[in-house]
Amino acid sequence: MNNVRDKKRANKSLPFFFRTEFKVFFAIILVSTILLISTFSFDTVPPILNRGIQPATFPKGLLVLIIALTSITYYLSFKKPWKKEKNLPKPFFLTILSFIIFIIVSKTLDFFLAISVLSIFVSYYWGERRIFYLLLVSIIFPLAVFIFFEMILGLRFPPGIITNLYYY
Amino acid sequence: MMAPLFSSKLLLVLLFGTLFGLILGVLPGLGPTTGGALILPFTMTLDPLSAIILLTSIYCAGTYGGAITAVLINTPGTPAAAATCLDGYPLAQKGEAGRALGMATVSSTVGGIFSVIVLVFFAPILANLAYEFGQPEYFALAIFGLTMLASIGDGSPIKNLIAGAFGILISTVGKDFMTSIDRFTYGINELSVGIGFIPVVVGLFAISEMLTQSTLLHQVFKRVALKAVKLPTKDDYKKTWKTILRSSGIGSFIGVLPAEGGTVASLIGYSEAKRFSKNPEEFGKGSVEGIAGAEAANNAATGGAMVPTLALGIPGSATTAVILTGLIIHGVRPGPDLFKEQPEFLYGIFGAMLIANVLFFIFGFFGAKLFARITLVPNKILWPMIFAVSVCGTYSLSQSIIDVWIMLFFGVLGFFMRRYGFSVVPVIIGLILGELVEGTLRQSIVIFDGNWLMFLTRPIALTFFVLSLIALAFPLIRSKKNKKII
């Protein structure tokens, strides 16, 4: 109990720009403002053809609503600070890294290879060391999924160094 | 009602859906919403009725499946089973896991069947009422559905509304449907058709859960041994029959309300069971009434949630949003015309839900021990496999790699949303209602010749607006009372 209180206090005693509430508020407001500004560059319908409102009006209204509600949430957080979250562990960042590797491999080499690389990477760093299970998640299972989608659903996967071996 | 189901293919689909739903419900972090989204691409090989029967049976069985893990490892398989943990696990710890699961199985089945009856009676009535609806009424109804998001779960109402507005914003990406003008596409051709529902759902549920699991690798579940599921005794029935019926009614009612679902229903069902109980002090220590109250309510919400989904095209919960997408993908337009033009299709769905409830009773009663073993599959093997299915499933719908990247983006976003107290369910509901909200608003403005005040001259629309205000005010007042606005 005391621990929790201490953590909460620790969060409250931080400068405002280090506090979670501010970071979340700042991120939402920043993104919303950028999107709001971009709505001004949307094409407009000439008045003679315009029925009702312009295409940009509705998203503009939504973004203003999001900014207003986020501001209210931030204001209310002064009275009741958010609880401090635990720091994210190493496997989380490794999983994010595996997503980035997935995107790079699927874009440059092969979609199927990207799934295999991610699977073995995640499984290994999450603690799996047995070769059979690593092969199961990285080759056998993705292969089964590939065959299922290809043969039953008639899906054609994007070309790549391994997928091409199957198609040609 | 059952006639369309007397085909071996449909019965097979139903059987598979129920089994698959149970497995999904048992696995913490998955559940019927994620499972439904993952299986949606596979339904493309099926005819519309089989596809929707598959999704609804997953919905019914998945909602029940959550109770098995709630009782045995004190971790709800689905959010709707969270209230079941409160008494299910303590009872299991006393060596009565079989009795706890027996009560959960019976009350879930009764709740589920009760809600199908509600669905059969109320969906056509609501659909008939919907004939009176014009664009302004649909707009007001959609707004009502969105304001109901404020009270989803026990999160902050304001954060839920932000998430809902964000969901609607996502629906505006792509070509404007009235003028064909690009919005938020930034020159990327693939975005002109908009952001698909599946990449967002799979990202927000499956991928964000994968990231959540990466932070919980050290977690060890304490499993309670289960010998066999036991049917409740006469004493248990005497104690709980009123609770089961009350919770079935509550669950069905909550389910009918747009955007609410099993989670809210089970929490209310549980608290009402405690309020009416002669032994409220037993709650939290292994009360069978507590289990019955929560389980009857969350399963009763399944049929209830299908009422607005089928009659109005407004999802009653996150999973029904997936079912609604399934209907749209298969060219079935929910609404009053569906009741007039394709009654056999609807009867097929009603009958399938009824049978699914009976099937999960049988599977749950005889196979709970086996299903509980599924939780032994380690996350380090399970989640890479789910990733492979998520990626292929997302890619398969429009064969676009951009969809896979969108899925990953929403996965990371969903993780941080949940970390900072924003529910992801409103995003899904907002996304699915977005087009309806914008479309009906713009068409109403055309009808009213730009005069917004004309909305107030329509009695049905006005009623929905008043209900929306109540829906907004209620959780804010409740939160203020509990000092839990943020």
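### Some remarks on the overall build of chain B
A tally of helices and strands in chain B yields 17 helices and 2 strands. Whereas a compact globule of 486 residues would reach a radius of gyration of roughly 23 Å, chain B reaches 22 Å, a difference of no more than 12%. Principal-axis analysis of the C-alpha atoms gives chain B an extent of 65 × 55 × 45 Å. Counting only residues that meet the buried cut, chain B has 63% of its 486 residues in that class. Long-range pairs, those at least 24 residues apart, make up 79% of the contacts in chain B between residues at least 6 apart in sequence.

### Observations regarding the environment of P91(A)
Take P91(A): it is sitting in helix 4 (residues 90-108). Here the alpha-carbon distance between P91(A) and L134(A), two residues 43 residues apart in the chain, equals 17 Å. Sequence-distant contacts of P91(A), that is, excluding residues within four places in its chain, are made with Y125(A), W126(A), S214(B) and L217(B).

### Focus on the interface of chain A and chain B
Between chain A and chain B, the residue contacts involve 54 residues of the former and 48 residues of the latter. Counting residues per element, the side of chain A that touches chain B draws most heavily on helix 3 (residues 57-79) of chain A, which supplies 12 residues. Looking at the side of chain A that touches chain B residue by residue, the class counts come to 37 nonpolar, 11 polar and 6 charged.

### Some points on unusual backbone geometry
All names here are of chain B. Despite not being glycine, S180 has its phi angle at roughly 65°, a positive value. With respect to the helices and strands, S180 occurs in the loop between strand 1 (174-175) and strand 2 (182-183). Even without glycine at this site, Q399 takes up a positive phi of about 45°. Inspection of the secondary structure puts Q399 in the loop between helix 14 (379-398) and helix 15 (401-419).

### Section: the domain arrangement of chain A
Assigned domains within chain A: domain 1 (2-79) and domain 2 (90-167). Placing the centre of domain 1 of chain A and that of domain 2 of chain A at their C-alpha centroids yields a distance of 37 Å.

### Things to note about helix 4 (residues 82-130) of chain B
An α-helix turns once every 3.6 residues. As a result, residues three or four positions apart point the same way. Residues and elements named next belong to chain B. In a regular helix each residue adds 1.5 Å, so 49 residues correspond to 72 Å; helix 4 covers only 35 Å between its end C-alpha atoms and thus falls short of that length. Roughly 140° is the biggest bend found in helix 4, and it falls at E96. With 36 of 49 residues buried, helix 4 is to be regarded as a mostly interior element.

### What about the packing of helix 3 of chain A against helix 6 (residues 157-171) of chain B?
Any two packed helices are characterised by the angle at which their axes cross and by the distance between the axes. Two numbers describe how helix 3 of chain A lies on helix 6 of chain B: the axes approach to 9 Å, and their chain directions differ by 160°. The orientation of helix 3 of chain A with respect to helix 6 of chain B, classified from their angle, is roughly antiparallel. Between helix 3 of chain A and helix 6 of chain B lies a crossing of left-handed hand. For the pair helix 3 of chain A and helix 6 of chain B, contact is made by P59(A), L62(A), L63(A), L65(A), I66(A), L69(A), T70(A), I72(A) and T73(A) and by I158(B), K159(B), L161(B), I162(B), A165(B), F166(B), I168(B) and L169(B), respectively. Partitioning the contact of helix 3 of chain A with helix 6 of chain B into residue classes produces 14 nonpolar, 2 polar and 1 charged.

So, how was this worked out
Position numbers for residues start from 1 in each chain and track the written sequence from start to end. All chains are assigned letters beginning with A, and all ligands numbers beginning with 1, in the order in which they are written. Two thresholds apply to this predicted model, a pLDDT of at least 70 for residue-level local features and 80 or more for giving and counting side-chain atom pairs, whereas whole-chain, interface and lining totals are computed over all residues. What counts as a helix is a DSSP run of H or I of at least four residues, what counts as a strand is a run of E of at least two, and both are numbered from the N terminus. In this treatment the radius of gyration is a C-alpha quantity, and the globule benchmark scales as 2.2 Å times the residue count to the 0.38 power. Any residue surrounded by 20 or more other C-beta atoms within 10 Å of its C-beta is treated as buried, while 12 or fewer makes it exposed and the intermediate range makes it partly exposed; C-beta atoms here are placed from the backbone. Here, residues touch in the contact sense if the C-beta positions derived from the backbone fall within 7 Å of one another. Gly is put with the polar residues, along with every residue not named as nonpolar or charged; the nonpolar set is Ala, Val, Leu, Ile, Met, Phe, Trp, Tyr, Cys and Pro, and the charged set is Asp, Glu, Lys and Arg. Segmentation into domains, and thus their bounds, comes from an automatic or database assignment. For a helix, the expected span equals 1.5 Å multiplied by the number of residues minus one. The term bend refers to the angle at a residue between two fitted axes, each drawn through seven residues, those ending there and those starting there. With axes taken as lines fitted to C-alpha atoms, and helix axes fitted only over the stretch in contact, angles between N-to-C directions fall between 0 and 180 degrees. An angle counts as roughly parallel when it lies under 35 degrees, as roughly antiparallel when it exceeds 145, as roughly perpendicular when it falls between 65 and 115, and as oblique in every other case. Crossing chirality is assigned from the near helix's rotation relative to the far helix, an anticlockwise turn below a right angle marking it left-handed and a clockwise turn marking it right-handed.

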